[in-house]
Each structure stands twice: as C-alpha cells, then as structure tokens.
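Breakdown of the fold
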Amino acid sequence: MTRTIIAVVFCLLSFTSNAEEWTSKVSRVIDGDTFQLSRPLVRIRLCGVDTPEKGQRGYREATQYTKALVAGKTVQCRTVGEGTPCDGRSRKKSYDRFVAQCFVDGNDIAMELVEAGHACAWPKYSGQHYFKSGRCIK
C-alpha cells in the first residue's frame, strides 16, 4: 500500500513539474491554429499567429494544411511563459486552450503556417518573431 501511494505521488509530482511543456501525439485538428493533444488531453492554440475562422476564406485550406503537418504526429509544445516568442505579450490560456509554441519534426508549426501563406503573423502577441517570414500581418 505504501509503495502504491509513493508511486502515485511521484507520478503527480512529475506531471506537475512538466505541466508547461508537453510532448504528445495530436489527436484532433480543430482549425488552422488549434489542435488537441492526446496525453494530456488538452487543446493548444498556437501563439503569435492567426488563421481564418470557419466561414472565412482560407479556413479549409489552413485547417487541411495543419492536419497534414501534425495529425497523428508527435509534437512538442511549450506554453506561454516558458520561453516562447509570446511571453509577456499573450496570456497562458485563451478560452479552453493553452496558448503555446509547438514544433513537429523540429519545425515551428506557426512559422510553417505563416511561410505557407495559411496564417497571418500577429506581432502584437509574438513581437517580430513571425513577422519577418509573413506575407500577412495582423
């Protein structure tokens, strides 16, 4: 019984200490700048960029592009406040989503979206980080 309690406490402490960075498979792409991780089951909103919303021109293409980049793949995400371009400019959470900088295969997902023309750089939240590569600026 004591070993079980110690194991549970150790697991909880490990999860808490790494709660700001996750490496997980993407279980669902919601739209161009939002997706869900499988473990932990959290929604991620990419920091510093904006993609078209449902009903806007480019929504479908941005969402499909993000799916091609991340669906079923393992990504590494770091929440705002943990060394992202959006630190000090953006909140850590937006609605039910964690705002984060994420990478797949070593590439910044938001940067890939901006460079492909599927997202606008949002300097208000990321400074000049995505601005230099962007065709679209908010």
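This text follows the structure it describes.
Numbers given to residues run from 1 along each chain, matching the order in which its sequence is written. Given that the model is predicted, a residue must reach a pLDDT of at least 70 before its local features are reported, and side-chain atom pairs must reach 80 or more before they are shown or counted; all residues, however, enter totals for whole chains, interfaces and linings. Excluding hydrogens and water, the side-chain figures rest on all heavy atoms present in the structure.

Let's shift gears to the packing of aromatic side chains. Between rings of Phe, Tyr and Trp, where Trp is taken as its six-membered ring, a pair exists when centres lie within 6.5 Å; planes separated by under 30 degrees are stacked, by over 60 edge-to-face, and by other angles tilted. Summed over the entire model, instances satisfying the criterion amount to two aromatic pairs. A centroid spacing of 5.0 Å and a plane angle of 70° characterise the contact between W22 and F98, whose relative ring orientation is edge-to-face. Placement of the pair is W22 in strand β1 (residues 21–31) and F98 in strand β7 (residues 97–104), with a sequence separation of 76 residues. Ring centres 4.9 Å apart and planes at 90° place the aromatic pair W122 and Y125 in the edge-to-face group. Relative accessibility thresholds used throughout: buried, under 20% of the residue-type maximum; exposed, over 50%; partly exposed, between the two (1.4 Å probe, protein chains only). For W122, a relative accessible area of 22% puts it in the partly exposed group. The exposure class assigned to Y125 is partly exposed, which follows from its relative accessible area of 24%. Above the ring of F98, the side-chain terminus of K93 is found at 4.6 Å from the ring centroid. What counts as a helix is a DSSP run of H or I of at least four residues, what counts as a strand is a run of E of at least two, and both are numbered from the N terminus. Counted as over-ring charges are cases with an Arg CZ or a Lys NZ within 6 Å of the ring centre that also lie within 35 degrees of the ring normal.

Before going further, it helps to spend a moment on unusual backbone geometry. A cis amide bond links R39 with the next residue in sequence, P40, at an omega value of -5°. With respect to the secondary-structure elements, P40 resides in the loop between β2 (34–37) and β3 (43–46). Although it is not a glycine, Y95 sits at a positive phi angle of roughly 55°. Tracing the backbone shows Y95 in the loop between β6 (93–94) and β7. Under the relative-accessibility criterion, Y95 is labelled exposed at 76%. One non-glycine residue, D105, lies in positive phi territory at about 50°.

The residue T63 is located in helix α2 (residues 59–70) in this model. Take T63: its relative accessible area is 6%, and that puts it in the buried class. Sequence-wise, T63 and T34 are 29 residues apart; in three dimensions their C-alpha atoms are separated by 8.9 Å. Contacts were defined at the residue level, with two residues in contact if any of their heavy atoms lie within 4.5 Å. Other than its neighbours up to four places away in sequence, T63 contacts V29, I30, D31 and G32.

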